[in-house]
Amino acid sequence: MKKDLSKLLALTLTLSSSLSFEDAAGAANSRSRASGKVDETGCRSCVSQAASLFASNQLDRAVASLREWSPKCAKNAQLHLLLSTILIRQGPKFAAEAQKEAALACAAQADNQAAHLQYAMSLFAAENYAQAAAEFENVTNLNPASYEAWSALADLYKRLRRDDDAVKAENKAANLEPGTQAVKLSVLQNLKRSGKIQAARKELKKLLDSNELSPEFEQSLANEALQLGAYDEAIAAGRQVMKAYPNSSGPQNCLFLAEFLKQDYK
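Our subject in this report is the structure included herewith. (Residues numbered from 1 in each chain as written. Predicted model: local features only at pLDDT ≥ 70, side-chain atom pairs only at ≥ 80, totals over all residues. Heavy atoms only, no water.)

1. Re helix α12 (residues 197–208)
The periodicity of an α-helix, 3.6 residues per turn, causes residues three or four positions apart to be oriented the same way. Rules: Secondary structure counts use DSSP, requiring at least four H or I residues in a row for a helix and at least two E residues in a row for a strand, with both numbered from the N terminus. Here, expected helix span is obtained from the residue count minus one, scaled by 1.5 Å. Here's how the labels work: a residue is buried when its accessible area is under 20% of the maximum for its type, exposed when over 50%, partly exposed in between, all with a 1.4 Å probe on protein chains only. The directions considered for the arc run from the helix axis to the C-beta atoms. Any two residues whose heavy atoms approach within 4.5 Å at even a single point are treated as in contact.
Between its first and last C-alpha, α12 extends 16 Å over twelve residues, near the 16 Å set by a 1.5 Å rise per residue. Buried residues of α12: A200, E203, L204, L207 and L208, and no others. Take α12 and look down its axis: the buried residues cluster within an arc of 140 degrees, on one side only. In α12, the exposed positions that point more than 90 degrees away from the buried face belong to Q198, K202 and K206. Elements that come into contact with the buried residues of α12 comprise α11 (178–193), α13 (215–228) and α14 (231–244).

2. Some remarks on the packing of α13 against helix α15 (residues 249–262)
As a reminder of what qualifies: Orientation is described by lines fitted to C-alpha atoms, with helices fitted over the stretch in contact, and by angles between N-to-C directions that extend from 0 to 180 degrees. Angles below 35 degrees are treated as roughly parallel, those above 145 as roughly antiparallel, those between 65 and 115 as roughly perpendicular, and all remaining angles as oblique. Crossing handedness is read from the near helix: turned anticlockwise from the far helix by less than a right angle, it gives a left-handed crossing, and turned clockwise, a right-handed one.
It is the contact of α13 with α15, at a shortest axis distance of 10 Å, that shows an interaxial angle of 25 degrees. With respect to α15, the element α13 is oriented roughly parallel. Handedness of the α13/α15 crossing: left-handed. Of the residues in α15, those touching α13 at Q219, A222, N223 and L226 are G250, P251, C254, L257, A258 and L261.

3. Notes on the nonpolar core
Applicable threshold: In this text, buried Ala, Val, Leu, Ile, Met, Phe, Trp, Tyr and Cys residues form a nonpolar core when linked through side-chain atoms within 4.5 Å.
F124, F136, W150, L153, L156, Y157 and A169 are the most contacted members of the largest nonpolar core, which totals 30 residues. Of all the secondary-structure elements, those providing two or more residues to this core are α6 (95–108), α7 (113–125), α8 (129–142), α9 (147–159) and α10 (163–176). Beyond its immediate chain neighbours, meaning those up to four positions away, Y157 contacts A133, E137, R162, D165, A166 and A169.

4. Some words on the side chain of H116
The topology assignment puts H116 in helix α7. When sequence neighbours within four positions are dropped, the list of residues in contact with H116 reads C106, A110, E135, N138, V139 and L142.

5. A look at the state of the cysteines
What counts here: We call a pair of cysteine sulfur atoms a disulfide when they lie within 2.5 Å.
Under the definition given, this model contains one disulfide. Each sulfur of the disulfide joining C43 and C73 lies 2.0 Å from the other. Disulfide C43-C73: torsion about the S-S bond near -95 degrees, hence left-handed. On the criterion of sequence distance, the pair formed by C43 in helix α3 (residues 43–55) and C73 in the loop between α4 (59–69) and α5 (77–89) is long-range, its members being 30 residues apart. You'll find C43 and C73 in the same group, each marked buried. Among the cysteines around C46, which has no disulfide bond, C73 carries the closest sulfur, lying 6.2 Å off. Residue C46 is classed as buried on the basis of its relative accessible area of 2%.

6. Details of unusual backbone geometry
If a residue is not glycine, its phi is most likely negative; likewise, a peptide bond is most likely trans. With a phi close to 65 degrees, N57 is a non-glycine residue in the positive phi region. Tracing the backbone through its elements, the reader meets N57 in the loop between α3 and α4. A residue is classified by how much of its surface remains accessible, and N57, at 54% relative accessible area, is exposed. Even without being a glycine, E127 presents a positive backbone phi close to 60 degrees. In this structure, E127 sits in the loop between α7 and α8.

What follows is the structure in C-alpha cells.
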C-alpha cells in the first residue's frame with residue numbers, strides 16, 4: 001500500500017506543480033468575490049511566495065507562512081492544497097493536518113481534481129477506506145480517464161468487500177493503464193510529434209470509430225482531438241462520454257472548449 005500511496009503522492013505533486021499557483025489563487029479569489037465571500041488580499045501573494053519557498057526546499061518557512069494565511073483564505077483552494085502537499089512531504093507526524101487542508105481545498109473548489117486526489121490519498125493512508133473510496137469516486141467523476149483513481153478504487157472496493165464494483169474498477173484501470181494507453185495512442189502521438197497533423201487526424205478518427213471504445217478511453221481521445229484542432233471529433237467524443245458521465249466536469253470542460261474554439265454556441 002505504501003508503494004501505491006507514494007505513486008499517488010507523486011501524481012498529486014505533478015498535478016499541483018503543473019498549475020500556476022498565482023493564477024489559481026487569483027481565480028479562487030475571483031470566485032470568492034462572485035459569491036460575496038472575499039478572501040484577504042494577501043492570499044495570492046502568500047501562495048506565490050510559499051510556492052517559491054517550496055521550490056527552493058525551504059519547507060518550514062513555506063509551512064509557517066501558509067499556516068498563518070490558511071484561516072484568512074478559506075476560498076483559496078490552491079493555498080490549502082499547497083500546504084497539504086508540503087505537510088505530506090514532511091512526514092506522518094503532519095498527516096492529520098495535511099488531510100484537513102486537503103479537505104479545505106476540496107471545499108474551496110469542488111471541481112479541483114488535484115485537491116480531491118490528495119484528500120482521497122490522505123484518507124487512504126489513514127485507512128479510512130469508505131471515505132477514501134467516495135473521494136476517489138469524486139476524482140473519476142471529474143476525470144473519467146484517471147487511471148490512478150480507478151486503480152485505487154479497485155483496491156478499496158476489495159477492502160470494503162464490494163466485489164462487483166472492484167471488478168468493474170479493475171477493468172477500467174486495465175483499459176487506462178499507461179502502458180496500454182501508450183500502445184493504443186503510439187501511432188497517433190508519433191504522427192503528432194512529427195508534425196503530420198492530417199495523418200494524425202485520420203488515426204484519431206480510426207480510434208474513435210473502434211467498436212471497443214470505453215468512455216474513459218474516449219475521454220483521452222477527446223483531449224487528443226482538442227490538441228489537434230479536430231473540434232468536431234472532440235465534440236462528438238465529449239458528448240459520448242457525457243452519456244456515461246453526465247455530471248463529470250472533465251468531458252463538460254472539453255466539450256465547452258471544443259465548441260468555443262469552433263465557435264459553435266448551440
